[in-house]
Every structure is written in C-alpha cells, then in structure tokens.
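# Reading the structure
Single-letter residue listing:
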Amino acid sequence: MGDDIHEYYDALVDTVDNENIISNNVETIRRSLVESESVRSRNGDVLGRLRANDQSLTELEIFFHRGGGWWSEDNRGVPYSPAGGGELGWLGYFIGRNNGLKILTIHAPQLQQNESIWSRGHLEFFFRGLKRNKSIQHLFLEGMEPNIIGELFPVLDLAPFVQNNSSLNKITIGSCADVDRQVASLLQFAETVQFVSFHNVWISNEIFGEVSRSLCMLPQLERLSLKNVGPRLCAEIAAFLQRNDTNLRSFELSGGMDGDSINDEGMDILVPAIASSNTLTELDFNGNQHGEITTRGWQTLLTLLESPTSNLKILNLAATALGDGEALLFARALANNNGRLKALLLEENSSLWDVNKRMTAAGRKALLTSVFDVSSFNSLMQSNHTCAVTYEICAPFR
C-alpha cells in the first residue's frame, strides 16, 4: 500500500505546485486505499467463514451498494459489500452450502450509483447458489423500491430460494418509500413463512391489494406486522381480515413515519373486521400516539373486549396517548371481559409530551382495581383476576 501512495504522490507533484493541495489529496487517497483494503479483507474473511461452514456466523448483511452502512452500528449481522461482480457467484455458492446461517439481510442497490460493478449474469449466479440454502430462517429485504427493482436488482429471482427453503419462517420488508410489485409477488412463494413484517415502509393502496392477495396464499402465516399504517389502508386491511382463508393469530397495526396513524374512522372500519376473525388472539396498536384516535375510537375498540365471542388474549396499546378518561373506559370493559383477555400492555402512556394525553396515577389505579379490587371481599371475587396490566416492557408478552 505504501508503494501505491508514493506513486499517486509523485503524479500529483508533477501536476500540482501547492504543497497543501498535494498533502490533502494524498491523505484522501490514503483513506480510500485503507477503506478498500479493509473491505477486501472483510469480504475474504466472510467468504472463508461461509466456506468453512463456521457455525458462529449466523447473521449476514449484504450491501449491494457502496458504503451502505458498512460501519453502521445498526448492522443486523456481519457485513459484506461486493467489490465486483466476479465474487457474487462464490458468495451465493458458499451461502447455499452453509447450514449455520439463520438471518440474511439484503440491501438493494442505490439508484444514484449508475456505474454498476456487476451484470445480470453475475446476479443470476448469486441467486442460483443462494437457492440451495436450507438453514436461513429470516430474510430481511431493505430498500426494495419500484425505481430500483428490475434489471438493477431482479428480486423475483429470490423466488426459488424462498419456495425451497423449508426453514424460512419470517420475511421483513424494510426502509422504502413504496413496495415494488415484484416484492408483493415474491411473498406468494413463501409457503413456510409464519411471520411477515413491513418495517418503515409506506405502502400504497394499490400495492397493498397485491400484497394481501399474496399473503392469503400463505398457509402457515400467523403473524403480520404493518408499521406506518394510516386511515388510507384501513378499508383494504379490513377486506384482508374478513377473508376466510386467513389464519392470523397476531396482528400489529402500529403508527409510524410522518405521524401516519389510525383515526376514529379507521377504528370504525377495522373493529368489525377484527371481530369477524376466529383466529386472531393478539392485537397491537402501539405507536398510534398522535392523537388521531379519540375517546370515540377507543370506545369502538372496547366492543371487542365486551363481546362474548372475542378471542383476544393480548392487547398492546403502548404509546397510544391514552389518558385517564380512556383508562376508566378500559377498566369497565375489563370488568365485563370474563377473563378472556390475558394481557393489556400500556407502557409509555405516561411519558408523552402532551400533558392532556397522559395516563396518570388515577388512570392506572382504575385499571388495577378492575383486575384486583381489594375494597371488599365481594369486589375482590368479582374482579378480573386473569388479565395482567403492564406499564413497562414485559418480555413474556413479546
């Protein structure tokens, strides 16, 4: 590396007179060479561990764009950034024959990087090797936006891997402004997947229609997480829930980016659909904390708890701006729930910035009294003894 630095330095000396400019450029080149060498070294180490079937390598994160968070603290696994198309075939081959890898994250290329360092043929060799893997349990797809998917990254080429890997039980789609149709189509091949999650994703109504059709084709799907859900998707979600061929057990409809939260009208649409489900036992509204759901909306939700046919066991209302008035409503509903609800999760409802949308000690007392009223023997006997009301994160209910 020292020889490379001197060669660049000599070239600069021949063309530039200013010593400060020369020194600055040499330092930039030195950092670039060090980073490039570091990437090559890390890639070689990862390929070696995959080839040796290193059982300690359980999480791999592939960046199909340059830089792409290589040193980010948010990495979900050991990072790999292809330096050229020639190594993609080996990468896919070694992943395919590895039996210790459990989580694979793939970051799509970035649109601004027009100078592609691999061809469609290189990607085909990667996908061909990957489809032989039988150990990966969680596939995480990042940045799969419509303006990227296609020739730049043909995500449907993942279909043989998704379809043939019987260990695959979770797919997460993350960090994109909208979901591409190819991603929606890919989901229909995930026959063994039990959990599908959309994380920090904005989904259009049209694309969600295609996503829901694919989800209905998954016989083992039990959990669905939709973050960044607003009123615009409620009708499509309700139609999905009312289909007889869904077997969802757990459903998350949390608030997300740009304050996109469910409102009262959304509750009017969603609650009847949720009530129609014979399988849904866990419902998660966490993060809908922007005040779009008023007392009227919560009263609509409470009809689920008061219904004698309700199957709900766990209800997560963390960070939903519940106040004391709503707490009193829930306390009355719990008294009439006859022990069907097992957990009501309410963390972060006492730490919101708006003092008018906070649950105080009075609200917490009303809820706790509904499940364990010691004011008299009769009140104690009539209390709801089976529901755990929590105000802190409680691992058993996650």
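Here the structure is shown first, and the text comes after it.
A short tour of the structure in this document, coming up. Every value quoted in this text rests on a predicted model; they were computed, and no experiment measured them.

### What to know about the overall build of the protein chain
- Helix and strand content of the protein chain: 13 helices and 12 strands.
- Looking at the 398 residues of the protein chain, the share that counts as buried comes to 49%.
- Pairs at least 24 apart in sequence give 80% of the contacts found in the protein chain among residues at least 6 apart.
- If you sum the accessible surface of the protein chain, you get close to 18,500 Å²; carbon and sulfur atoms cover 50% of it.

### Section: the packing of aromatic side chains
- The final tally for this structure, using the stated rule, is 8 aromatic pairs.
- Ring geometry for Phe 64 against Phe 126: centres 5.6 Å apart, planes inclined by 75 degrees, an arrangement best described as edge-to-face. Taken together, the residues Phe 64 in the loop between strand E1 (59-63) and strand E2 (78-80) and Phe 126 in helix H4 (residues 120-130) connect sequence positions 62 residues apart.
- Classification of Phe 64 as buried rests on a relative accessible area of 1%.
- Residue Phe 126 is classed as buried on the basis of its relative accessible area of 0%.
- Between Trp 90 and Phe 94, the aromatic rings sit 5.7 Å apart at their centres with planes inclined by 25 degrees, giving stacked as the arrangement. Here Trp 90 pairs with Phe 94, and both are found in helix H3 (residues 86-97), just 4 residues apart, close to one helical turn.
- One residue, Arg 223, lies across the ring of Phe 195, its end atom 4.1 Å from the ring centre.
- One cation-aromatic arrangement involves Arg 232 over Trp 202; the distance from NZ or CZ to the ring centre is 4.1 Å.

### Describing the pairing of E1
- Burial within E1 is extensive, with 4 of its 5 residues counted as buried.
- Examined bridge by bridge, E1 and strand E3 (residues 103-107) share 5 bridges and lie parallel to one another. Bridge assignment links Glu 61 to a residue of E3, and that residue is Thr 105.
- For E1 and E2, the ladder comprises 3 bridges, and the chain directions are parallel. When the sheet's bridge partners are listed, Glu 61 is paired in E2 with Pro 79.

### Details of the sheet that holds strand E10 (residues 314-316)
- One open sheet accounts for 12 strands, arranged E2-E1-E3-E4-E5-E6-E7-E8-E9-E10-E11-E12; its pairing is parallel. Because the sheet does not close on itself, it has two edges, and the strands there are E2 and strand E12 (388-390). Strand-to-strand twist of the sheet, defined as the mean angle between neighbouring strand axes without regard to direction, takes the value 10 degrees.
- As defined by bridge partners, strand E6 (residues 195-201) adjoins strand E7 (residues 223-227) across 4 bridges and the pair is classed as parallel. Each residue of the ladder has a partner; that of Ser 197, found in E7, is Ser 225.

### Points about the pattern of salt bridges
- Under the criterion given, the structure shown has 9 salt bridges.
- In this structure, Asp 157 engages Arg 120 in a salt bridge whose closest nitrogen and oxygen atoms are separated by 3.4 Å. Of this pair, Asp 157 sits in the loop between strand E4 (138-142) and helix H5 (159-164) while Arg 120 sits in helix H4, and the two are 37 residues apart along the sequence.
- Given the relative accessible area of 29%, Arg 120 is considered partly exposed.
- Salt bridges here are not isolated pairs; linked through shared partners, they connect Arg 120, Glu 124 and Asp 157.

### A short note on the side chain of Ser 254
- Tracing the backbone shows Ser 254 in strand E8 (residues 250-254).
- Using a relative accessible area of 2% as the deciding quantity, one classes Ser 254 as buried.
- Within the structure, Ser 254 has its side chain in polar contact with the side chain of Glu 252 (distance 3.2 Å).
- Among all residues touching Ser 254, those that are not within four sequence positions of it are Leu 226, Lys 227, Asn 228, Val 229, Asp 284, Phe 285, Asn 286 and Asn 288.

### Side note on unusual backbone geometry
- Of note, Asn 53 is a non-glycine position whose phi angle comes to about 60 degrees, a positive value.
- Here Asn 53 is to be found in the loop between helix H2 (19-51) and E1.
- Look at Asn 53 and you get partly exposed, because its relative accessible area is 23%.
- Look at Asn 200: it is not a glycine, yet its phi comes out positive at around 55 degrees.
- Within the secondary structure layout, Asn 200 lies in strand E6.

### Here's the deal with the side chain of Thr 320
- Mapped onto the fold, Thr 320 is located in the loop between E10 and helix H11 (324-335).
- A polar side-chain atom of Thr 320 sits 2.6 Å from the main-chain carbonyl oxygen of Leu 317.
- Sequence-distant contacts of Thr 320, that is, excluding residues within four places in its chain, are made with Phe 285, Asn 286, Gly 287, Asn 288, Gln 289, Trp 298 and Asn 349.

### A closer look at helix H8 (residues 234-241)
- Considered for burial, the residues of H8 that qualify are Cys 234, Ile 237, Ala 238, Phe 240 and Leu 241. The arc that holds the buried residues of H8, viewed along the axis, is 160 degrees, so those residues lie on one side.
- On the buried face of H8, the contacting elements are helix H7 (205-215), E7, E8 and helix H9 (264-275).

So, how was this worked out
Residues numbered from 1 in each chain as written. Predicted model: local features only at pLDDT ≥ 70, side-chain atom pairs only at ≥ 80, totals over all residues. Heavy atoms only, no water. Helix = DSSP H or I, 4+ residues; strand = E, 2+ residues; numbered from the N terminus. Buried < 20%, exposed > 50% of the residue type's maximum accessible area, 1.4 Å probe, protein only. Contact = heavy atoms within 4.5 Å. Areas by Shrake-Rupley, 256 points an atom, 1.4 Å probe, with all protein chains shown as cover. Phe/Tyr/Trp six-rings, centres within 6.5 Å; stacked < 30°, edge-to-face > 60°. Lys NZ or Arg CZ within 6 Å of the ring centre and 35° of its normal. Pairing = 2+ DSSP bridges. Axes fitted to C-alpha atoms, helices over the stretch in contact; angles between N-to-C directions. Salt bridge = Lys/Arg side-chain N within 4 Å of Asp/Glu carboxyl O. Polar contact = N/O pair within 3.5 Å; in protein donor to acceptor, adjacent residues only side chain to side chain. Arc of directions from axis to C-beta.

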